[in-house]
Amino acid sequence: MLREKDEMIASERFRRVAGLLLYLLCIALFVWSGIFSLLATSILDGESSSVSNVPINHVLYGTWIYPLHAQELFYPGVDKFIIHPPLHYYLVSIWLQLFGIGAWQLLLQSTAVGLLGVVAASYLIRSKVGNTAAVLTLVLATIFAGLRHPMVSARPDLTFGFMYSLVVLLSFLLLHNYQGSKGRIVAALLGVSVSASFATHWYGFFCLFYLPAAALYLVWRLRTEAWKPVACLAIGAAAGVLLWWYLFGDDFWFGLLTILLKGGSFLEVIRIPFLYYLTFLTAWPGGKVVLLGCAIAFAFCCWEWLRAARAKSPISRTAAIASFLALNIFLYELFFFFYVANKAPRYSANIAILLVAFSAIGYFWVIDLARATLKNRAKVVNSAAAALGIAALLTSNYVTVPFSIKSVGDVMGRSLHASMREGLSCGVPEQATVLLGSTGYQYLYDRPFLGSMRLYAEETIPQPTDWSLRGLIRYYREGPGVNYRTAEIPYDARRQSIGDRIDVMVNADNGHGWQSLYINPSVWKGKLKEYLAVTLIDPNAYEAVTGRVSRFPNLLVTVFLSEDNFEELTRQTPCATLARGLHHIGDNVVLLRYDADLRQRRNLMAGDWLQFDARAKADYVEQYLALLGGAASVIQPGAIDILVDWVDQQFEKKTGTVNDLHGGTEVRTFGQVVDRYFDADGFKAIFSDAAWNSGN
């Protein structure tokens, strides 16, 4: 009897130790894969590149403005940056001050809150639900792109998601800990978390509703004694808002008013289907797995409430937690559906931490039910669950890729951001004023610049005529530039907006901030000349390791110099003596140096190309590649046919006929069309390794 008891104790101890080790292993796997993605995502894309201007500008100059965006034109009368609240960017600026300016430093805040939020959620799930549910939370978080994608974003979405998760957690704790000093502490912390959510993202307006809801609950439970925790709730909420007001002054109040007035116009201007937002669950990696778990968890909640109603007994603690998560997720999605205009799937970040916890409870319920049903085959159930979990991990790039690279040093050694910065700096004179698209800003942030968004705003956003407070309120109420996203800007107007204000343009063919409008040759021909370009040799190798999901190819960045003083500007650049052709920089970066012969061939237009016969097209491509690569011998077999087909397709279907949404078409030169191929698929299929450093 004693022996059996000892064996049971030993077995239980082994089970607990094994469970703890499995839990810690899953934490290590999740944290390592998150750090790997952070280090591997060494190039910013989309809006991450644009908003990086805010913390970088704060670190370099101590000002809280958004010059790349030209905020003073989009939001007249507001001096401080208000497109997003400041908390996330303030935290990013601290990381920049600690570790310097670079890609991973700009993304570190989002990665840190993603890692911290999920690990904390798993710990709470482990203590309240069980070890299996905690392990499942970590597994789902590791493979779920709806979480992993915003973990490598410079935007505030995941920081808000973390803060909102705190609001939900503290609200749940307040339901059971509303009395005494503990209740006052929880209420104060809830108030602080609500104000922190509001100070992170304007979607924090939704979180403000938690304050009256919590106050009403306290009054219902405590009656006349409720004033103490309610006061603590109010003090906690006011603390963050008052600090924000102190730092921003009157811009705080007018900024809030501006956002409320202008937010309504966004609902008219931006029409994105809710189903597109849900692609983070239906199309992104790991999304369907999380969605299935959420569906099971919802069914579990319904079943538990029906069972409790029939039995007239309380629901289980697990069902209570799942129900509370479901309620908060539903309320947030209701707000998002009706009041948010930009329904992009990246906003998965706002509820991602809550979703993986909720989904994990669904799978935990299935496993628990299987164990209860098959009591004599518990080991089979555990083995099957473990096998499915391992399969989910091993089929995810977020798990397999980090272990296919030898070490963190290999990823750090890539230094793609530093190499791109080196290559572009080589083509820009030290004191030149640069027209910067959002893609190029991350590399040339310390140069005098004019942003493409400023040029766009100057043409499309009417400015107030009455700068009094009443006049500004009237201005915003009337929705200035409500159709600015699709305003027509003729080519001549684009050329005139550039005028003689710049010496250099650094731009990409896609990306954020209307930069593509100014890379159109109908705008720059006769004003600027292509000097060089910098991009990745193999963009697919980079895409395989980055934590990002969706992007338009915009890695290739071109440097243009003013045609009026081209020779003088060329002499002022570090690349003045660099030979024509391809030059290898770092591990996976190449610089394309253009001369007069290459520019002549690059500037061929669609009408001339389409008049060529098949032989003439092949000869033209071969001669261009031979000039670029240094010799015909470095061209890969089949490369000419690949590019002829590509250029045919682009010229026939993509350029000259595709509306650029602003009164023009996506006109491109032959060289720019070839660049589109390099941007999307790289150089591996076009040039042999002998081409690198082959400038002649």
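Can you help me understand the overall build of the chain in this one?
On a plain count of helices and strands, the chain comes out with 35 helices and seven strands. Projected onto its principal axes, the C-alpha positions of the chain cover 90 × 70 × 40 Å. Residues classed as buried in the chain amount to 55% of the 696 residues present. Contacts spanning at least 24 positions in sequence make up 76% of the contacts within the chain whose residues lie at least 6 apart. Summed over its atoms, the accessible surface of the chain is roughly 30100 Å², and 62% of this surface lies on carbon and sulfur atoms. Within the chain, the 53 negative side-chain charges are centred at a point lying 14 Å from the centre of the 58 positive side-chain charges.

Please explain the nonpolar core as it appears in this structure.
The nonpolar side chains of a soluble globular protein tend to be buried with one another. Leu147, Tyr164, Tyr332 and Phe358 are the most contacted members of the largest nonpolar core, which has 97 residues in total. Sort the elements by how many residues they give to this core and helix α19 (residues 352-373) lands first, with twelve residues. Apart from the residues within four sequence positions on either side, tyrosine 164 is in contact with Ser197, Phe206, Cys207, Tyr210, Asn328, Tyr332, Asn350, Ile351 and Leu354.

Help me understand the sheet that holds strand β5 (residues 557-562), please; the structure alone is not making it clear to me.
Strands pair in a sheet through their backbones, by hydrogen bonds, and they do so in one of two ways: parallel or antiparallel. In space, the seven strands of this open sheet follow the order β2-β1-β3-β5-β4-β7-β6, with mixed pairing throughout. On the outer flanks of this sheet lie β2 (449-451) and β6 (581-585), each paired with one strand and no other. Within the sheet, the average angular offset between the axes of one strand and its neighbour, ignoring direction, is 25°. Judged from the five bridges that link them, strand β4 (residues 528-536) and strand β7 (residues 589-593) form a sheet pairing that is antiparallel. Considered in β7, the bridge of threonine 535 is made with valine 590.

Just to check I follow, could you spell out the environment of aspartate 509 for this structure?
With respect to the helices and strands, aspartate 509 occurs in the loop between β3 (504-508) and α28 (521-524). Counting along the chain gives 48 residues from aspartate 509 to isoleucine 461, while the straight-line C-alpha distance between them is 24 Å. Of note is the side chain of aspartate 509, whose polar atom sits 2.7 Å from the side chain of arginine 668.

Would you take a moment to explain the side chain of serine 195 for this structure?
Here serine 195 shows up in helix α10 (residues 180-198). Take serine 195: its relative accessible area is 5%, and that puts it in the buried class. At 2.8 Å, the side chain of serine 195 forms a polar contact with the backbone oxygen of valine 192.

For this particular structure, what's the right way to read the pairing of β7?
Along any regular strand, the residues point their side chains to alternate faces of the sheet. Taking burial as the measure, the five residues of β7 include five buried ones, the bulk of the element. Neither face of β7 is exposed, since Val589, Leu591 and Arg593 on one face and Val590 and Leu592 on the opposite face are all buried. The pairing of β6 with β7 spans five bridges and is classified as antiparallel. Note on β7: the bridge partner recorded for isoleucine 585 is valine 589.

What is the right way to read a nonpolar patch on the surface from this model?
A cluster of nonpolar residues, Leu327, Phe330, Leu331, Leu334, Phe337, Phe338 and Tyr339, forms a patch on the protein surface that exposes about 730 Å² of accessible area. Of note, phenylalanine 330 is situated in helix α18 (residues 317-339).

What is the right way to look at the environment of tyrosine 203 in this model?
Residue position: tyrosine 203 is located in the loop between α10 and α11 (204-207). Note on tyrosine 203: relative accessible area 11%, which makes it buried. Sequence separation between tyrosine 203 and leucine 469 is 266 residues; the distance between their C-alpha atoms is 25 Å. Leaving out residues up to four positions away in the same chain, tyrosine 203 has contacts with Phe160, Tyr332, Phe335, Phe336, Val340, Asn342, Tyr347 and Asn350.

I'm lost on the packing of aromatic side chains in this one. Help?
Given two aromatic rings, their pairing is described by the distance between the two centres and the angle made by the two planes. Tallied over the full model, the rule gives 55 aromatic pairs. Taken together, a centroid distance of 4.7 Å and an interplanar angle of 75° make the contact between phenylalanine 252 and tryptophan 253 edge-to-face. Here the basic side chain of arginine 601 rests over the ring of tyrosine 620, its NZ or CZ set 4.7 Å away from the ring centre.

Would you explain the state of the cysteines in this entry?
Cysteine pairs can be linked by a disulfide, which is a covalent bond between their two sulfur atoms. A full pass over the atoms with the stated rule returns one disulfide. Among the cysteines around cysteine 294, which has no disulfide bond, cysteine 301 carries the closest sulfur, lying 10 Å off. The class of cysteine 294 is buried, set by a relative accessible area of 10%. Note on cysteine 301: no disulfide assigned, nearest cysteine sulfur contributed by cysteine 302 at a separation of 6.8 Å.

Explain the pattern of salt bridges here, please?
Side chains bearing opposite charge may pair, as long as their charged atoms lie close to each other. Within this structure, the stated rule accounts for 19 salt bridges. The partner of arginine 155 in a salt bridge is glutamate 47, and the shortest N-O contact between them spans 2.9 Å. Of this pair, arginine 155 sits in the loop between α8 (145-148) and α9 (157-176) while glutamate 47 sits in helix α2 (residues 47-51); the two residues are 108 residues apart in sequence, bridging distant segments of the chain. The exposure class assigned to arginine 155 is buried, which follows from its relative accessible area of 3%.

I'm lost on the packing of helix α6 (residues 103-128) against helix α7 (residues 131-143) in this one. Help?
Two quantities define a packed helix pair, namely the angle between the helix axes and the distance between the axes. Taken N-terminus to C-terminus, the directions of α6 and α7 make an angle of 160°; their axes are 7 Å apart at the nearest point. With respect to their mutual orientation, α6 and α7 come out roughly antiparallel. Considering the relative orientation of α6 and α7, their crossing is right-handed. Seen from α6, the contacting residues are Val118, Ser122, Ile125 and Arg126; seen from α7, they are Asn131, Ala133, Ala134, Thr137, Leu138 and Ala141. When grouped by side-chain class, the residues that make up the contact of α6 with α7 number six nonpolar, three polar and one charged.

Explain the packing of α7 against α19 here, please?
Where α7 meets α19, the axes come as close as 8 Å, and the angle between the chain directions of the two elements is 135°. With respect to α19, the axis of α7 lies oblique. The hand of the α7/α19 crossing is right-handed. Here Thr132, Ala133, Leu136, Thr137, Leu140 and Ala141 of α7 come into contact with α19, specifically with Val356, Ala357, Ser359, Ala360, Tyr363, Phe364, Ile367 and Arg371. A per-class count over the contact of α7 with α19 returns ten nonpolar, three polar and one charged.

The rules behind each value
Residues numbered from 1 in each chain as written. Predicted model: local features only at pLDDT ≥ 70, side-chain atom pairs only at ≥ 80, totals over all residues. Heavy atoms only, no water. Helix = DSSP H or I, 4+ residues; strand = E, 2+ residues; numbered from the N terminus. Buried < 20%, exposed > 50% of the residue type's maximum accessible area, 1.4 Å probe, protein only. Contact = heavy atoms within 4.5 Å. Areas by Shrake-Rupley, 256 points an atom, 1.4 Å probe, with all protein chains shown as cover. Lys, Arg positive; Asp, Glu negative; His and termini not counted. Charge placed at Lys NZ, Arg CZ, Asp CG, Glu CD. Core = buried A, V, L, I, M, F, W, Y, C linked by side-chain atoms within 4.5 Å. Pairing = 2+ DSSP bridges. Axes fitted to C-alpha atoms, helices over the stretch in contact; angles between N-to-C directions. Polar contact = N/O pair within 3.5 Å; in protein donor to acceptor, adjacent residues only side chain to side chain. Patch = residues over 30% accessible without salt bridge, like charges linked within 9 Å, V, L, I, M, F, W, Y side chains within 5 Å. Salt bridge = Lys/Arg side-chain N within 4 Å of Asp/Glu carboxyl O. Phe/Tyr/Trp six-rings, centres within 6.5 Å; stacked < 30°, edge-to-face > 60°. Lys NZ or Arg CZ within 6 Å of the ring centre and 35° of its normal. Disulfide = S-S within 2.5 Å. Parallel < 35°, antiparallel > 145°, perpendicular 65-115°, else oblique. Left-handed = near helix turned anticlockwise from the far one by under 90°. Nonpolar A, V, L, I, M, F, W, Y, C, P; charged D, E, K, R; others polar.

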